[in-house]
Amino acid sequence: MTLSKKQKRWLIISGIIAGTLAVAIIIINLVLAGFLGKIITQALKDYPDKHYTITVDRVGVNILTGNVNLHGLQVEPDSLFIEQLKQEKLNQSMIIRMTVPLFRLAGLNLYKAIGDGDINIRKILFRNAKVQILKGKKKKQPKPPPGVQLEHEFTLDSIQIKGISNIQLVKLQFSNFKIEIINVETNETISKNESFNMVLKGGRLLKLPGEGDYFKLDNSNTLLELSEKEWLLPGGNYKLALGKLEMKFADSTVVIKRIVFKPQYSNLNKMAEKLKYTTGIFNAKVRQISLSKIYLNKLLSGGDLYIDSIAITGLDMDIYKDKRKPWDFDKRPKYPHEALRKMDFPLYIRVLTLGNKSKLVYHEKSEKEFGNLTITLGSMSAVAKHITSVKDSLRKPMSANLRAKVYNKVSMNVDFLLPLNSRVDTFFMSGSVGKADMRIFNPALYPAIGMKINKGTLNSLKFKTRANRWYIDGEMVMTYEGLETEFFKKKAKETNKFMSWLTSSIAHKSNPGKNEKLRTAKTHFDRDMYKGFVNIAWKAIQTGLINTISGFGKTVKEDKYGNKKKSSAKKSKTSKQSAAGREKAAAKDKKKKRRKKGKNK
């Protein structure tokens, strides 16, 4: 097709106009980029918190899309600021270091932003950002009077941004985002995650009246969403997967759905081979976890995590232990309340609940001849109150209640009282088990001691226990009737006729017996220091069962009127004395260490 002279002329003119516009846009972009670069650089220099240095390598602008790109954005804490955190001289327990290869403001009206300071942003994008949280300890000091803000304390109700009149944000997006928590003293990584994607919607900043360019975060319509992701946890032994996380800032609630906590290897024996000692291997699924009323100001300003309530629903947990491995005799596991008291991180949870459709299965593999022990707790529910490591809150004890169906058949109810400020970490446990056919306990008794219950009815079981770091004391009242047991040989699954005869001759077939005297079993034993809280709880019950049934157990008899008589076996004081001796020895060691420190100084 041949163009006429007129068409050629208009084509040339159109090309010149288009080229001119393209050149103009490029020039304007360059000018605006330079202009905004200077404004941003100056604003970063004028940033009021001098403990951080914020820099950017390059600023890019696209006036057609309204995009402003900051390349190589870095937030670096001052070295003196980090040193103060190490020396516990700050009012906060964490410092942030951040690197963002691409920070984008998308859909920005540049003319309003530059001319009026009115910022309306369609999206803010953090791409390939990496955040390091330097974790230390904050300065110990009395609480400030109400309404008084500490130095360097960040609050969502008073954010200073100079030269801005209004900020409106539609979406905040984190793409390929990484977080790492580092111990500031040892420079060791406490925790880190693989990259994930996160979206924050509906946030805006409202300018406060008066001078100073202060803003308040309006989070009434803010929503945080985290898409499905799997993390390899520190140590490399476990993976954590979340189906969906959603946080509503208006009521400070977080809902997490489809949580899976699983070992790196699905073959538990293969997983156990990686472990040097006898250690529980956990495999858990949770339908939903709901956190209500999270105090964000406390978390952002001082690193204190305060949560009003946590509700867990649909827990299905499996715990596997390979007891063919040796025990770690150097290990000293802490009781829950002891761990909280010694925790550096300030934590407070008013109440934690577990829904009644939860399930726990514990099974272990051992070298015993009678198979592997299995314990099942079905229809499990629990409530724990006043879970705290905050020093001012330790006077009030932590409490917990657990309800379950043992082997999905027998009702069990256990209460715990854990004083948080106990010098010897004493705790109290009491509970009851309902009526049952005693044969259902064979999956626990037969693998453990080679004994089977062939017949017997449990009418009721009540127990109470007091435990500290070194020993456990308590008592149990178990009423039952028609007990018949059978023992087996260790090396062959044949009936041990002698033990079965001895048991049938000595063991009590019922409680109360034919003389209507009720026996109360005593439970007293030294703690295995390398074993934890769950072992103590189970051993207290196990000891009570043995002492109730066996003819040589420690018991206190009662007549039919409920009057207690002397124990059928003398109560041993050696364990108490040895525990007391250990306590004195520990106190002497502490005094020696203090003296050595004083001499060194």
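Parameters and conventions
Every chain begins its residue count from 1, and numbering advances along the sequence as written. Side-chain atom pairs in this predicted model are given and counted only at pLDDT of 80 or more, local residue features only at pLDDT of at least 70, and totals for whole chains, interfaces and linings cover all residues. The basis for the side-chain values is all heavy atoms of the structure; hydrogens and waters are excluded. Note on conventions: DSSP H or I runs of at least 4 residues are helices, E runs of at least 2 residues are strands, and numbering of each starts at the N terminus. Expected span, for any helix, means 1.5 Å times one less than how many residues it has. Note on exposure labels: buried denotes an accessible area under 20% of the residue type's maximum, exposed denotes more than 50%, and partly exposed covers the range between, all computed with a 1.4 Å probe on protein chains only. Residue-level confidence of the predictor, termed pLDDT, takes values from 0 up to 100. In this description, contact between two residues means that some pair of their heavy atoms is separated by no more than 4.5 Å. Only when DSSP finds a minimum of two bridges between them are two strands counted as paired. Crossovers are marked right-handed if the path from the first strand over the helix to the second runs clockwise, as seen with the strands pointing away from the viewer. Polar contacts, as counted here, are pairs of nitrogen or oxygen atoms within 3.5 Å of one another; within protein the pair requires one atom able to donate a hydrogen and one able to accept it, and residues that are adjacent in sequence qualify only if both atoms are side-chain atoms. Any Lys or Arg side-chain nitrogen located within 4 Å of an Asp or Glu carboxyl oxygen qualifies as a salt bridge. Under the convention used here, Asp and Glu are negative, Lys and Arg are positive, and both His and the chain ends fall outside the count. Side-chain atoms within 4.5 Å are what join buried Ala, Val, Leu, Ile, Met, Phe, Trp, Tyr and Cys residues into a set we call a nonpolar core. Here the arc refers to the set of directions running from the helix axis out to each C-beta atom.

> Hey, could you run me through helix α9 (residues 533-549) in this one?
Helical periodicity: at 3.6 residues per turn, an α-helix aligns residues three or four positions apart in one direction. The terminal C-alpha atoms of α9 lie 25 Å apart, and with 17 residues this matches the ideal 24 Å at 1.5 Å per residue to within 8%. Of all the positions in α9, only Phe-533, Ile-536, Ala-537, Ala-540, Ile-541, Thr-543, Gly-544, Asn-547, Thr-548 and Ile-549 are classed as buried.

> Teacher, can you tell me more about the confidence of the model for the protein chain here?
If pLDDT is low for a region, its predicted coordinates should not be looked at in detail. Scored by pLDDT, the protein chain comes out at a mean of 77, with 68% of its residues at no less than 70. Counting interchain partners and residues more than four positions distant, the pLDDT-below-50 stretch residues 148-154 has 12 contacts. Counting contacts from residues 566-580, a segment whose pLDDT is below 50, to residues more than four positions away or on other chains yields 22 contacts.

> Help me out: how do you make sense of the pairing of strand β18 (residues 305-322) in this one?
Remember that side chains alternate between the two faces of the sheet whenever the strand is regular. Where strand β17 (residues 280-294) meets β18, 13 bridges bridge the pair, whose relative direction is antiparallel. Bridging across to β18, Gly-280 finds its partner in Lys-321. Pairing of β18 with strand β19 (residues 347-365) involves 14 bridges; the strand directions are parallel. Residue pairing for β19: Ile-310 is matched across the bridge by Leu-352. As a crossover connection, the stretch from β18 through helix α6 (residues 336-341) into β19 is right-handed.

> Sorry, what's going on with the side chain of Asn-442 here?
With respect to the element layout, Asn-442 can be found in helix α7 (residues 442-449). In this structure Asn-442 comes out as buried when scored by relative accessible area, which is 14%. A distance of 2.8 Å separates a polar side-chain atom of Asn-442 from the backbone nitrogen of Ile-453. Not counting residues within four places of it along the chain, the set of residues in contact with Asn-442 comprises Pro-447, Met-451, Lys-452 and Ile-453.

> Sorry, what's going on with the pattern of salt bridges here?
Pairing between side chains of opposite charge can happen when the charged atoms of each approach one another. Evaluated as defined, the whole model comprises 13 salt bridges. Put simply, Lys-464 and Glu-475 hold a salt bridge, and the shortest N to O gap is 4.0 Å. Of this pair, Lys-464 sits in strand β25 (residues 451-467) while Glu-475 sits in strand β26 (residues 471-487), and the two are 11 residues apart along the sequence. Salt bridges sharing partners connect three or more residues here, namely Arg-341, Asp-425 and Arg-469.

> What is the right way to look at the environment of Ala-382 in this model?
Here Ala-382 shows up in strand β20 (residues 374-388). It is 4.5 Å that separates the C-alpha atoms of Ala-382 and Leu-402, two residues lying 20 residues apart in sequence. In this view, Ala-382 contacts Leu-352, Thr-353, Leu-354, Asn-401 and Leu-402; residues no more than four positions away in its chain are not counted.

> Looking at this structure, I do not really get the side chain of Arg-527. What am I missing?
Tracing the sequence through the fold places Arg-527 in the loop between β27 (518-526) and α9. Here Arg-527 sits buried without a salt bridge, and the closest side chain of opposite charge, Glu-338, lies 5.2 Å off (N-O distance). A distance of 3.4 Å separates a polar side-chain atom of Arg-527 from the backbone oxygen of Arg-469.

> Would you mind showing me how to read the environment of Lys-229 here?
With respect to the secondary-structure elements, Lys-229 resides in strand β14 (residues 229-232). What makes Lys-229 partly exposed here is its relative accessible area of 28%. Remark: the alpha-carbon pair of Lys-229 and Ser-195, spanning 34 residues in sequence, is separated by 8.8 Å.

> Explain the nonpolar core here, please?
The nonpolar side chains of a soluble globular protein tend to be buried, and buried together. Within the largest apolar cluster, 106 residues are counted, with the highest numbers of intra-cluster contacts made by Phe-103, Phe-126, Leu-291, Phe-427 and Met-429. Residues Met-271, Ala-272, Leu-275 and Tyr-320 belong to the second largest nonpolar core, which totals seven residues.

> So what exactly am I meant to see when it comes to the environment of Leu-340 here?
Structurally, Leu-340 is set in helix α6. Residue contacts for Leu-340: discarding those within four places in its chain leaves Leu-347, Ile-387, Thr-388, Ser-389, Met-398 and Leu-420.

> Explain helix α2 (residues 79-86) to me, please; I cannot follow it from the model alone.
Within the sequence span of α2, burial applies to Phe-81, Ile-82 and Leu-85. Relative to the axis of α2, the buried residues are bounded by an arc of 100 degrees and lie together on one face. Residues of α2 that are exposed and point more than 90 degrees away from the buried face comprise Ser-79 and Leu-80. Where the residues of α2 are buried, they touch β1 (52-55), β3 (67-77), β4 (94-106) and β6 (130-135). Taking the backbone nitrogen of Leu-80 as reference, a side-chain oxygen 2.9 Å away marks Asp-78 as the first, capping residue of α2. Following α2 by one or two positions, Glu-88 has its phi on the positive side, about 60 degrees.

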